[in-house]
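Listed here are the chains, written in short residue letters.
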Amino acid sequence: MNIHFLYGTETGTAEMLAEDMATGANGHETQVSDMDDVDPTALDASQFHVLVCSTFGTGELPSTAEAFFDKLKSAKPDLSELKFGIFGLGDRTFSETFNHGSESLMNEMIACKAQMVGERGIYDASGGDMPEDIALPWLEDLLAKV
Ligand SMILES: Cc1cc2nc3c(=O)[nH]c(=O)nc-3n(C[C@H](O)[C@H](O)[C@H](O)COP(=O)(O)O)c2cc1C
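The structure presented is a predicted model; accordingly, all values stated were derived computationally and were not measured. (Residues numbered from 1 in each chain as written. Predicted model: local features only at pLDDT ≥ 70, side-chain atom pairs only at ≥ 80, totals over all residues. Heavy atoms only, no water.)

Peer 1: I keep staring at the site of the ligand and nothing clicks. Help me out?
Peer 2: Taken together, 19 residues surround the ligand, and among them T9, T11, T13, T55 and T97 come closest. Between an oxygen atom of the ligand and a main-chain N or O atom of G59, the distance comes to 2.9 Å. Within the contact set of the ligand, an oxygen atom lies 2.6 Å away from a side-chain nitrogen or oxygen of T97. The protein chains hide 82% of the 640 Å² of surface that the ligand would expose on its own. (Near = heavy atom within 4 Å. Polar contact = N/O pair within 3.5 Å; in protein donor to acceptor, adjacent residues only side chain to side chain. Areas by Shrake-Rupley, 256 points an atom, 1.4 Å probe, with all protein chains shown as cover.)

Peer 1: Mind showing me how you'd approach the pattern of salt bridges here?
Peer 2: Once their charged atoms are close, side chains differing in charge can pair, the charge on each being opposite to the other. Per the stated rule, a full pass over the model turns up 3 salt bridges. D39 is the partner of K71 in a salt bridge, and the nearest nitrogen-oxygen pair spans 3.3 Å. One end of the pair, K71, is in helix 2 (residues 63-75); the other, D39, is in the loop between strand 2 (29-34) and strand 3 (48-54), with 32 residues separating them in the sequence. Look at K71 and you get partly exposed, because its relative accessible area is 34%. The partner of E108 in a salt bridge is K76, with the nearest N and O atoms 2.7 Å apart. Separated by 32 residues along the polypeptide, E108 in helix 3 (residues 100-111) and K76 in the loop between helix 2 and strand 4 (83-90) bring together distant segments of the chain. E108 gets classed as buried once you look at its relative accessible area, which sits at 8%. Overall, K76 belongs to the partly exposed group, its relative accessible area being 42%. (Salt bridge = Lys/Arg side-chain N within 4 Å of Asp/Glu carboxyl O. Helix = DSSP H or I, 4+ residues; strand = E, 2+ residues; numbered from the N terminus. Buried < 20%, exposed > 50% of the residue type's maximum accessible area, 1.4 Å probe, protein only.)

Peer 1: Just checking my understanding: could you explain the nonpolar core for this structure?
Peer 2: In globular proteins that are soluble, nonpolar side chains generally tend to be buried together. The biggest cluster of nonpolar side chains holds 21 residues, and the ones touching the most others in it are F5, M21, V50, V52, F87 and L139. Looking at this core, the elements with two or more residues in it are strand 1 (2-8), helix 1 (13-24), strand 3, strand 4 and helix 4 (131-145). Discounting residues that sit within four places of it in the chain, M21 has contacts with F5, V50, V52, F87, A135, L136, W138 and L139. Counting residues in hydrophobic clusters, the runner-up holds 20 residues, among them V38, L61, L72 and L79. (Core = buried A, V, L, I, M, F, W, Y, C linked by side-chain atoms within 4.5 Å. Contact = heavy atoms within 4.5 Å.)

Peer 1: Is there a simple way to explain helix 3 in this structure?
Peer 2: Helical periodicity: at 3.6 residues per turn, an α-helix aligns residues three or four positions apart in one direction. Look at helix 3: 16 Å from first C-alpha to last across 12 residues, which is about the 16 Å you get at 1.5 Å a residue. Those residues of helix 3 hidden inside the fold are in contact with strand 3, helix 2, strand 4 and strand 5 (115-116). Just beyond helix 3, the residue with positive phi is K113, at close to 75 degrees. (Expected span 1.5 Å × (residues − 1).)

Peer 1: What's the story with the packing of helix 1 against helix 4 in this structure? I'm lost.
Peer 2: Two numbers describe a pair of packed helices, the interaxial angle and the distance between the axes. For the pair helix 1 and helix 4, the least separation of the axes is 10 Å and the interaxial angle reads 45 degrees. Taken as axis vectors, helix 1 and helix 4 run oblique relative to one another. Between helix 1 and helix 4 lies a crossing of right-handed hand. Each of T13, L17, D20 and M21 in helix 1 lies in contact with helix 4, whose residues at this interface are P131, E132, A135, L136, W138 and L139. (Axes fitted to C-alpha atoms, helices over the stretch in contact; angles between N-to-C directions. Parallel < 35°, antiparallel > 145°, perpendicular 65-115°, else oblique. Left-handed = near helix turned anticlockwise from the far one by under 90°.)

Peer 1: Any chance you could explain the pairing of strand 3 here in plain terms?
Peer 2: Strand residues, when the strand is regular, have side chains that alternate between the two faces of the sheet. The buried fraction of strand 3 is high, at 7 of 7 residues. Across 6 bridges, strand 1 lies against strand 3 in parallel orientation. Directly across from Y7, in strand 3, lies its bridge partner V52. Between strand 3 and its parallel partner strand 4, the chain crosses via helix 2, and the hand of that crossover is right-handed. (Pairing = 2+ DSSP bridges. Right-handed = clockwise from strand over helix to strand, strands pointing away.)

This is a description of form; function is not addressed.
See the structure below:
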């Protein structure tokens, strides 16, 4: 499979995690991009997309996901041919807005008719786990479902 990992980050964790996930996706062709460098109206539906996105501010998207998200909302591209999975990074200390960034992004992808595969993966930075220890088993399950 050809997998395109797209990360949205504020302080670099989602970027490192997307790189780890690409390395961990043995036997697949992988590509990793910052959402800031990707036009959501020009996504290649022949690739499976894995979105890796944190939450910043008070439940907002991190800065490198903002333009991607805003364009999804304004241009509403038809993504009905595109399949994706999504993994969110957050911190449960922010109890009211835990992982709201990845939730907003997921909802917007679905509003553009993209086909979500599996459940949204969730990482809680307050939990003491390393992100890759949660994300890599999640990715393995996800890829088995595509
Ligand atoms: C200023 C600040 C605000 C944050 N706000 C939230 C939030 O509202 N909800 C949440 O779940 N996590 C929040 N987080 C936690 C981050 O999403 C978490 O640390 C994540 O791993 C950061 O990933 P990144 O380095 O890719 O941006 C916040 C972190 C900081 C530093």
